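# Tertiary structure, described
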Amino acid sequence: MSPLWGGRFESSLSYEVAKLTSSLEQDLRLWKADVKGSIAHARMLGRQGIIHAGDCEQIVNGLIAVREEISATGPSIFSASAEDVHSEIERLLREKIGPVAGKLHTARSRNDQVATACRLTIVEESRVLRSEIHTLQRWILQNSETEKETILPGLTHFQHAQPVSLAHHLLAYFWMLDRDRERLGQFEKRASLMPLGAAALAGTSFPLDREGVSDELGFEGLCENSLDAVSDRDFAIEFLSHVSILMMHLSRLCEELIIWSAPEHGFVTLDDSVTTGSSIMPQKKNPDLAELIRGRTGRAFGSLMGLLTVMKGLPLAYNRDMQEDKFHLFQGLDTALTSVRLMREMLETAVWNREKMRQSLKGDFSNATDLADDLARKGVPFREAHEIVGKVVLFCLKSGRDLESLSVGELREFHPAIDEGTRRKLSHAAVLEARSSRGGTSPKAVTFQIVKAREALERGVSP
Ligand code: ARG
């Protein structure tokens, strides 16, 4: 395959160098955006009288035919030894319309062409990712409606702290995902600036209509500096940052599902379709999907670090190092898309074991704060109440008792203000119910939270 730049060279690249130089494997998926960008560019060249109307028509029709051909044949149409998808699309165009195809590249460089195709593609993919997150959030919301009174231990330092409802716990992830979705929406706006017209680095001497091209391609504006237009990859880095945060959230949920599905807890049973067995231990059922989403978080973080490292020492403007952007960008994107989709599959098929959750609360002292709160309400300074309840807990630990099993008489030995009402406040259901502050875990507060969550969800997939 002859490259786009053969004129001043007397010999061609060695096989190994050509292989290293090629980005076809990564930029294959830019093909649609590339054709779209080329059609808009060609139309503008015609409108501005930079090329003849007849040539413009031939090029545009040729590109439409190329688009149909690629759609019909698939990626096998591209030559594996090609430098990139952009040169391949030009080759296919030349095959169709002959040397006039060469006029398409007037007032354009691959530098602004690639950046344009990348931005168009990733903005579109970000929308897809956002709608997948939206679907996952919808599942969480639906499940929360039914789990408002399902109680499980809330932890700090991985020790039982205070009971929370399963709905409340799941909704915590709803809000994390909501911020992820919002960040992606903001990213799309910021990334939607068109580099085309920057040409190689300095702009062009041809009388372009950049605004017209930008409108046709659906960009929200133009890159205002040609050097920045071709050498900025912070749109890709920003996307990978958001993806990294998203994956960190999914990874934490995976970690919890792994713990919850272990027999020691048994809070959840993961479906056979998302778990695997062992080649030696017949009894095993392993949460591999959760582990792999957690594990693949490394790919997302790696992509972010990878691209930051590629960019950190590059002088303006384009350097070939930047071709590596696509490897990282698409690795991050694919990791996130797959993980969000499979997370939903895993949750949809999971079975909550409410009884196991209930049992795990027995004698866990996660109601101790409420005993102290009761004393505080009766006028005992909270610090003093804390000290008293600490002694009650110590007594229980030494005598093998649960806090909720102590009689009023036994409790009163620690403080005379304790009464029958105090004891009633110590059941886990009462403890849950009591946390009715806005954003708290009581069923009433969660009902309100669900209203807010539904509002957030109804804002839809637009940013
Ligand atoms: N495939 C290359 C990339 O993605 C195309 C740009 C080549 N530009 C150049 N000046 N050599 O970055």
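Residues numbered from 1 in each chain as written. Predicted model: local features only at pLDDT ≥ 70, side-chain atom pairs only at ≥ 80, totals over all residues. Heavy atoms only, no water.

## Some points on the overall build of the chain
Under the convention used in this document: Secondary structure elements are taken from DSSP: a helix is a run of H or I of four residues or more, a strand is a run of E of two residues or more, and numbering for both begins at the N terminus. Radius of gyration: C-alpha atoms only; globule rule: 2.2 Å multiplied by the number of residues to the exponent 0.38. Residue contacts follow a heavy-atom distance rule, with two residues in contact if any of their heavy atoms lie within 4.5 Å. Where accessible areas are quoted, they stem from the Shrake-Rupley method and a 1.4 Å probe; at the residue level, only the protein chains shown are allowed to cover. Only four residue types enter the tally: Lys and Arg on the positive side, Asp and Glu on the negative side, with His and both chain ends excluded. One atom stands in for each charge, and that atom is NZ of Lys, CZ of Arg, CG of Asp or CD of Glu.
A count of helices and strands for the chain gives 19 helices and six strands. In terms of overall dimensions, the chain is more spread out than a globule: its C-alpha atoms have a radius of gyration of 30 Å, far above the 23 Å expected for 463 residues. Counting only C-alpha atoms and orienting by the principal axes, one finds that the chain spans roughly 100 × 55 × 40 Å. Within the chain, contacts between residues separated by at least 24 positions form 76% of all contacts whose residues are at least 6 apart in sequence. Total accessible area on the chain is roughly 22300 Å²; 53% of this is exposed by carbon and sulfur atoms. Computing the positive centroid from 57 side-chain charges and the negative centroid from 64, the chain places the two 3 Å apart.

## Here we look at the site of the ligand
Put simply, the rule reads: For each residue, the test is whether any non-hydrogen atom lies within 4 Å of the molecule or strand; if one does, the residue is near. Each polar contact in these results corresponds to two N or O atoms within 3.5 Å; when the atoms are within protein, one needs to be able to donate a hydrogen and the other to accept it, and residues that are neighboring in sequence are counted only if both atoms are side-chain atoms. Polar here means any residue other than Ala, Val, Leu, Ile, Met, Phe, Trp, Tyr, Cys and Pro, which are nonpolar, and Asp, Glu, Lys and Arg, which are charged; Gly is therefore polar.
Near the ligand, the surroundings consist of Ser23, Asp27, Asp84, Arg110, Asn111, Val114, Tyr318, Arg320, Gln323 and Lys326. Here a nitrogen atom of the ligand and a side-chain polar atom of serine 23 are 3.0 Å apart. A distance of 3.1 Å separates a nitrogen atom of the ligand from a polar side-chain atom of asparagine 111. Coverage of the ligand by the protein chains reaches 85% of its 350 Å² of free accessible surface. The element best represented in the shell around the ligand is helix α6 (residues 110-146), accounting for three residues. Grouping the constituent residues of the shell around the ligand by class yields two nonpolar, three polar and five charged.

## Here we look at the layout of surface pockets
For clarity, the threshold we go by: Using a 1 Å grid laid over the protein atoms alone, points where a 1.4 Å probe fits but cannot get out form a cavity; open sets with protein on both sides within 12 Å along at least 5 of 7 lines form a pocket; any residue with an atom within 4 Å of a point counts as lining. Grid points are joined across faces, edges and corners, and a volume is the space filled by probe spheres set on the points.
As a volume, the largest pocket reaches approximately 900 Å³. Considering the residues around the largest pocket, the lining is formed by 35 residues, among which Ala18, Ser22, Ser81, Ala82 and Glu83 are closest to the centre. At the level of elements, α1 (15-21), α2 (24-27) and α5 (85-97) are the ones that each hand at least two residues to the lining of the largest pocket. For the lining of the largest pocket, the element with the highest residue contribution is α1, accounting for five residues.

## As for the pairing of strand β1 (residues 151-156)
Selection criterion: Two strands make a pair as long as DSSP finds a minimum of two bridges between them.
Bridge count between β1 and strand β2 (residues 159-165): six bridges; the pairing is antiparallel. The partner of proline 153 across the bridge, within β2, is proline 163.

## Let's talk about unusual backbone geometry
Of note, the amide linkage connecting leucine 316 to alanine 317 takes the cis form, showing an omega dihedral of 5°. Residue histidine 157 is not a glycine yet carries a positive backbone phi of 55°. By the element assignment, histidine 157 lies in the loop between β1 and β2. Phi is positive for phenylalanine 158, close to 65°, though the residue is something other than glycine. With respect to the helices and strands, the residue phenylalanine 158 is situated in the loop between β1 and β2.

## Side note on empty space enclosed by the protein
All told, the structure shown has two cavities of 30 Å³ or more when counted by the stated rule. Every residue lining the largest cavity is listed: Asp34, Ser38, Leu63, His86, Ile89, Glu90, Leu104, Arg108 and Gln113. Here the lining of the largest cavity takes three residues from α5, the largest share from any one element. Within the lining of the largest cavity, the residues separate by chemical class into three nonpolar, three polar and three charged. Computed from the structure, the second largest cavity encloses a volume of approximately 30 Å³. Forming the boundary of the second largest cavity are Ala33, Asp34, Gly37, Ser38, Arg108, Gln113, Thr116, Ala117 and Leu196. For the lining of the second largest cavity, the secondary structure elements donating two or more residues are α3 (31-47) and α6. Here the lining of the second largest cavity gets four residues from one element, more than from any other, and that element is α3. Taken together, the residues of the lining of the second largest cavity break down into three nonpolar, four polar and two charged.

## Details of the pattern of salt bridges
The line we're drawing: Just to be clear on terms, a salt bridge is a Lys or Arg side-chain nitrogen sitting within 4 Å of an Asp or Glu carboxyl oxygen. Exposed residues in this analysis have more than 50% of their type's maximum accessible area, buried residues have under 20%, and partly exposed residues fall in between, with area computed by a 1.4 Å probe over protein chains only.
Applying the stated criterion to the full structure yields 36 salt bridges. Put simply, arginine 320 and glutamate 83 hold a salt bridge, and the shortest N to O gap is 3.1 Å. Placement of arginine 320 in the loop between α11 (288-311) and α12 (325-348) and of glutamate 83 in the loop between α4 (53-73) and α5 is noted, with a sequence separation of 237 residues between them. Note on arginine 320: relative accessible area 35%, which makes it partly exposed. Residue class for glutamate 83 comes out buried when judged on its relative accessible area of 12%. Between arginine 181 and aspartate 178 there is a salt bridge; the shortest N-O distance is 2.8 Å. Here arginine 181 and its partner aspartate 178 are both found in helix α7 (residues 166-191), three residues apart, which amounts to about one turn of the helix. Like arginine 181, the residue aspartate 178 is buried in the burial classification. Via salt bridges that share partners, Glu83, Asp84, Arg110 and Arg320 belong to a single interconnected network.

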